[in-house]
Amino acid sequence: MNFENDIEECLRVLKSGGLILYPTDTVWGIGCDATNAAAVAKVYSLKQRSDSKALIVLAADERDILHYTAAPDLA
């Protein structure tokens, strides 16, 4: 198994608007590029989830929160 190849393939899929499946400590997650509206729509469709419900977004850095949200509550 070549972990580096797996990561490179995941990045290719994410950059092309696709979805990935990734393990967490308790469940498997469905991932996409959260800045790609079409990819996010694919997650909602796959999960058969109403778009009125929120999804979790993982950020690499606290500054990303300020970049990708409007008027976040910093408390």
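Residues numbered from 1 in each chain as written. Predicted model: local features only at pLDDT ≥ 70, side-chain atom pairs only at ≥ 80, totals over all residues. Heavy atoms only, no water.

### Examining the pattern of salt bridges
Now for step 1: One pass over the structure, following the stated rule, counts 2 salt bridges.
Now for step 2: As a salt-bridge pair, Glu9 and Arg12 come within 2.6 Å of each other at their nearest N and O atoms. Of this pair, Glu9 and Arg12 both sit in helix α1 (residues 3-15), separated by 3 residues, roughly a single helical turn.
Now for step 3: On the basis of relative accessible area, Glu9 is assigned to the partly exposed category, the value being 38%.
Now for step 4: Between Asp61 and Arg63 there is a salt bridge; the shortest N-O distance is 3.0 Å. (Salt bridge = Lys/Arg side-chain N within 4 Å of Asp/Glu carboxyl O. Helix = DSSP H or I, 4+ residues; strand = E, 2+ residues; numbered from the N terminus. Buried < 20%, exposed > 50% of the residue type's maximum accessible area, 1.4 Å probe, protein only.)

### Here's the deal with the state of the cysteines
Now for step 1: Evaluation of the coordinates by the stated rule reveals 0 disulfides.
Now for step 2: The structure places no disulfide on Cys10, whose sulfur is separated from the nearest cysteine sulfur, that of Cys32, by 13 Å. (Disulfide = S-S within 2.5 Å.)

### Quick look at α1
Now for step 1: Given a rise of 1.5 Å per residue, 13 residues ought to cover 18 Å, and the 18 Å separating the end C-alpha atoms of α1 matches this to within 8%.
Now for step 2: The N-terminus of α1 is capped by Asn2, whose side-chain oxygen sits 3.1 Å from the backbone nitrogen of Glu4.
Now for step 3: After α1 finishes, the residue Gly17 shows a positive phi value of roughly 85°. (Expected span 1.5 Å × (residues − 1). Polar contact = N/O pair within 3.5 Å; in protein donor to acceptor, adjacent residues only side chain to side chain.)

### Quick notes on a nonpolar patch on the surface
Now for step 1: Where nonpolar side chains cluster on the molecular surface, the patch consists of Leu21, Trp28, Ile30 and Leu46 and spans about 440 Å² of accessible area.
Now for step 2: Relative to the helices and strands, Leu46 is located in helix α2 (residues 37-47).
Now for step 3: Judged by relative accessible area, which is 53%, Leu46 ranks as exposed. (Patch = residues over 30% accessible without salt bridge, like charges linked within 9 Å, V, L, I, M, F, W, Y side chains within 5 Å. Areas by Shrake-Rupley, 256 points an atom, 1.4 Å probe, with all protein chains shown as cover.)

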